[in-house]
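# Structural overview for review
Next come the chains, spelled out residue by residue.
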Amino acid sequence: MTATRRPLPWRAELGRQTRRRRTLSSFVLLLALPLVVVGAFAIGGAEVDGDGTLVDLATGGAANFAVFTTAVSASFLLVVLAALFVGDSLPAEASWSTLRYLLVAPVPRTRLLASKLVVGLATVAVAVVLLVAWSVVVGGIAYGWAGFTNPTGGSLEWGTFAGRLALAAAYLVLTLVQVGAIAFCLGTRTDAPLAAVGGAVMVTIVTAILGQIDDLGSLRNALPMYWADTWFELLRPTVDWTPIGHGVAWSLLHTAVFTVLGFELFRRKDVLS
Amino acid sequence: MPRGALRRLGTALGVLALAGIATTAGPIAAAADEDDGEDRRDGVEVVERRVAVGPEADGTPVELDTSLYTPAGDGPHPAVLLTHGFGGSKADLAPQARELAESGYVALTYSARGFGDSDGRVHVADPGYEGRDVTALLDLLADDDAVRQDADGDPRVAAVGGSYGGALSLIGAALDRRIDTVVALITWHDLADAFFPQHAVAGPPADGDSPADLPVVRDGEPVPGPFKQLWASRFFVGAAGGDLGPGTDPVCGRFDREVCRLFLDVADTGRPSPALLRLLRAHSPAPLLDDVRVPTYLVQGQADSLFGLDQSDATARELAARGTPVAVRWFTGGHDAAVDPTAADDDTLATWLDHYLGADDPAAVGLPVPAFSFEEPRDGRADLRVSEADDYAASWSAPLPLRGGGQVVLNPLGGQPGSLTLVPSQDGVTDEFDGFVSTYPLAALPGQSAAFDTDELDDGRTVVGSPRVRLTVTSTAREATLFLSLWEVNGDRVTLPRQLVAPVTVPTTPGRAATVDVALPAGTWRVEPGSSLRVLVTSTDQTYAGPRQARADRVRVDDLRLPAVVARSVAGTGDGGLDRQTTGVLAALGAVLLAALVLALLRRRGARHADPDPDPHPAPGPGGAPGAGADVPLVVSGLVKTYADGHRAVDDVSWEARRGQVVGLLGPNGAGKTTTLRMVLGLIAPDIGEARVLGRRVTPGAAVLARVGALVEGPGFLPHLSGRQNLEAFWAATGRDPAEAGYDDVLEVAALGGAIDRPVRTYSQGMRQRLGIAQAMLGRPEVLVLDEPTNGLDPPQIAGLRPILQRYADTGRTVVVSSHLLSEVELTCSHVVVMHAGRVVTTGPVSDLVDSADTTVLTLAAGADPEPPAAALRAVAGVDEVEVVADPAEPRLVVTAGLPRPDVVRAAAATGADVVGVSSRRHLEEVFLGVIAAASGDRADSPADLRQVRAR
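Now for a description of the structure that goes with this document. Note that the structure is a prediction, hence the values are computed from the model and not measured.

With that out of the way, let us pick up the overall build of chain A. Along the backbone of chain A there are 11 helices and two strands. Along chain A, from the amino end to the carboxyl end, the secondary structure elements read α-α-α-α-α-α-α-α-β-β-α-α-α. Looking at chain A as a whole, 58% of its 273 residues are labelled buried. Surface summary for chain A: the accessible area is close to 10,700 Å², and the carbon and sulfur share equals 69%.

Following this line, the structure appears as structure tokens:
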């Protein structure tokens, strides 16, 4: 009996997740979204009346369209997908009764969690990058390849914008990772995928509400996802890196805390599913 | 002074500045401590006292309501005289006073004349009334032993206040030399200027210097600007709206009649009478600044359309010209700002008091804070950033040309509609929406406004101070009142960075062009590269009472010049650096990761220590000597498991399974079979005891589990994959060589035929069960654990499984089967472990259990009554027990006797019973029921209900 490789290699976990319907339909949805937006603009007969809002600018070209689709999906769709991709994979195994067979295979618990976390987070990253890149392509075909005009002022040529957009996507992924970590942590405590995913989404909704309460002042800085919108900062002519730094730091901290907590909780858990 | 204790004082005084507004701007609940008479908390002693001060003009005596906060500990302490904002009272200052006292200062608060519970009327900072009151209050401090005295009757004291309180502090310092330092926040220099602001000046400032501008004059008299009606109304209501005692004027309330009348006049006409201008000027620090000789700290807000930065600048300029030490700070708040906690996180106020009240010779050191500091424009949620400079020395940009030529601006009849440029004191509403909603369309009303744009600026810059333009007006009237504001145009967005407007009143001769310089509102903000600046000229503004006559002005604006200051950024981030918040969070992140790492390492060491491997290279294979610990493939010893709900599922369970054995784990539902197997597989942790597989202790995910195949509590598969894909996915998860899996063998066990390539979700229960057994046998594990393997299988399939398991065990491997089907176990297993209610009640080879020498089973003829022979047999010597199985089709007697079996048969025949069969074997079912009944009987606390099922 020779153990040739570590249990549950990433490729094996990837295989378990990619062929799932939730993965496939999520990606189909992501790919369809820019097309749906183009269709909606076409049906609605979007008039660029120069109000200068993001919606008006969206039809201005590939760059603005990509930013628009990213903006409209970042606040909720991507949050749900991040919670789904990272948070659902462990309780889904529990609900299929396969979790115990993986553990008896045996896959050590930390290894199991690590594989699921890595694959889940990688899926989130792929989803964001895919959405942004695909939006650029769809926008370019539908509205031409004009550079970026920031609705709050300034414009960026493609040379600058491409890099900035990549940075914005990376930042977006980083902020979503904390949602994933929360869902992941919840997933180690429950056998119901809905509880993990819904719980994480609930957390972001509650923190968004708390973020609206000005009396909390700078305490709000510590809320998960409080800095989620800051990626837009990267698209200004001059970037203020301070809030970006805050967003990255807080996201990493939340991710670390919830990940460590998830590992600790699962390590001692009695698997009864 | 203890520095640490003063840390919070900055916040306290920052709020103090805002408390000054509270009363004019709206009801912001002040956290007023209800002090009654005498009160001690945190060692702070509070004494309330009414102090007699100068009478009113009509001789009415006046007493002020005061509170004196004395800190704990031995004095003497330096003192702080705190004065509240317009419309407020001493109660507003209770938190700040307490904070000061906790920091080691004696703090004296009072309600100013005409406010709160003090007597008298509001004279609006009249040096002759409110000013003199300060002297009376200083006398109080001079008589107090707890207060440090510089000389006899001269207390060491600072005058501190915001808004109304700030002006009174400055006026008091001019009137009474005993005041040692002044901190004046968001207050005025000249009240006439504040209410009739005139931003037109006659000449440009010299480069790099900011001398007083020359005023625009007509007939030798300075021309006042338009009436700041909105703020004046609020100011008025702040005092007039107070509680009306008997005999007070219902309109003027507690206002002094003279002051009130002048205000009512201007509200009527919109133009100031010379008497009002004289009065306002006299009720200001401006004419008294000659006598202010003590260090003065001026904190002015950039969100302040009532008392703008120009007011504090004028005070600072005049003080500096006379050699008085003065420091200026422009912060982000002001009368228009909401309470903003971060705006107040500045401890320079505490530093200032600490220095000038605590040090023995403060003058020797110089200013303890920068002479000029300002809060930088804030973007998004970035930290507050502060820049500082040694003085406010502006360097001016080259004039930026403005496009637009000459445009006509109409003043509408009656001055309506008015442009809405700024919304004063809306709790930062406009700020909040900055970046989303532009007020520009409300400001630039068609026909009533003219816009003049610069070209796009190639590089960004930070503006610090008051930008200048040259305005040329050709009016149809003898006076043109206009409002100028500086907007930033960025793509399609037009924003007003500091939400302020500069009113001008230009004396004109109809038909002739008049040219003035205009000082645009002062502030700090950043101009983005690629944006352009726009000077908007409007004929009206809703916050001002402009001329009501219709008028047409041809205006032209030229030469925008932007001031900048060379300053050091001190707080928050420099470019590329990390600010405190980021570093703090990253440090926390590091701590979390480090803790996790240490924990993991400790655990790994602990695990190695706790389970020294008894046999690192166990030699698998048949023929091992039974009994040797490591060579018994499965040993369960002393397992105990109590679930969180208190149910003890497994209680001291021990058994073992050897090579070549098929061990049956028997028991009714809820006996603890599955829980035991879960512990064997490391899925749940036992409270006590351990399971060893192939000599290794089982822990969650232990490597030795690779040599165990399992089916626990039903199979589990990925529903979206086919049977074959599931087997492959499972094997892939083990990370082992696909060649070891032995797919062909297990597919034979599964016997699914073509269905093996259909998705598992289409399978029947029996198919899933067979696939589950097949998965457990992947890789031919040395120990095969099957929990209820026959569930869902039909009789032929069950029969087919039997030889598979026996053959499997015959290869020297071990099979453990749990079941509640006794006949099945009897046929399949070589050994059984019988469990009941969490305990093992019996173990042993099946043959031993069902077959024993002292037992004889006698089968009687169908329909025979077993009772008479049973009774007869019980009477036979040597017979221990006779059990009756009253089955009408096959009545049986189970006889336990010390006699040889032939004697038993003979004795039975002698009773006349119709014995048709004799057997030595009982059915396992009988054994099982027997031992379980016995076990239940042993346990008086547990009812012997075998059907009791616990859901697990």
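We are not done yet, so read on.
The next subject is the packing of aromatic side chains. Residues and elements named next belong to chain B. Taken as a whole, this structure holds 23 aromatic pairs over all chains when the rule is applied. Seen from their ring centres, F86 and F115 are 5.2 Å apart, and the 75° between their planes marks the pair as edge-to-face. Pair noted here: F86 is in the loop between β4 (79-83) and α2 (94-102) and F115 is in the loop between β5 (106-110) and α3 (127-142), with a separation of 29 residues, a long-range link. Using a relative accessible area of 0% as the deciding quantity, one classes F86 as buried.

Once that is clear, we can look at the sheet that holds strand β41 (residues 855-860) of chain B. Residue and element names in this part refer to chain B. Judged by pairing direction, the sheet is antiparallel, and its four strands sit side by side in the order β42-β43-β41-β44 without closing on themselves. Looking at the sheet topology across the chains shown, the edges are occupied by β42 (879-885) and β44 (915-919). The sheet shows a mean angle of 20° between the axes of neighbouring strands, taken without regard to direction. Packing of helix α21 (residues 867-874) onto the sheet brings it into contact with β41, β42 and β43 (892-897), and relative to β42 it is tilted by some 170°. Across the sheet, helix α22 (residues 901-910) lies against β41, β43 and β44, angled at about 30° from β41, the strand it touches most.

The partner chain A presents 61 residues to the 67 residues of chain B that form the contact. There are two salt bridges connecting chain B and chain A. The shortest N-O distance in the salt bridge between A:D270 and B:K641 comes to 2.5 Å. Taken together, chain B and chain A are joined by 18 residue pairs in polar contact (both at pLDDT 80 or more). It is helix α13 (residues 580-610) of chain B that provides the largest number of residues to the side of chain B that touches chain A, a total of 11 residues.

Residues and elements named next belong to chain B. Checked against the element boundaries, R478 lands in the loop between β21 (468-475) and β22 (479-490). As for R478 and R512, which are separated by 34 residues in sequence, their C-alpha atoms are 9.9 Å apart. What R478 contacts, discounting residues up to four positions off in sequence, is R218, V506, P507, T508 and P510.

Residues and elements named next belong to chain B. Turning to its location among the elements, D517 is positioned in strand β25 (residues 513-519). Classification of D517 as buried rests on a relative accessible area of 5%. Within the local environment of D517, its side chain forms a polar contact with the side chain of R470, the two groups lying 3.2 Å apart.

Scoring rules and cut-offs
Residues numbered from 1 in each chain as written. Chains lettered and ligands numbered in written order. Predicted model: local features only at pLDDT ≥ 70, side-chain atom pairs only at ≥ 80, totals over all residues. Heavy atoms only, no water. Helix = DSSP H or I, 4+ residues; strand = E, 2+ residues; numbered from the N terminus. Buried < 20%, exposed > 50% of the residue type's maximum accessible area, 1.4 Å probe, protein only. Areas by Shrake-Rupley, 256 points an atom, 1.4 Å probe, with all protein chains shown as cover. Phe/Tyr/Trp six-rings, centres within 6.5 Å; stacked < 30°, edge-to-face > 60°. Pairing = 2+ DSSP bridges. Axes fitted to C-alpha atoms, helices over the stretch in contact; angles between N-to-C directions. Contact = heavy atoms within 4.5 Å. Salt bridge = Lys/Arg side-chain N within 4 Å of Asp/Glu carboxyl O. Polar contact = N/O pair within 3.5 Å; in protein donor to acceptor, adjacent residues only side chain to side chain.

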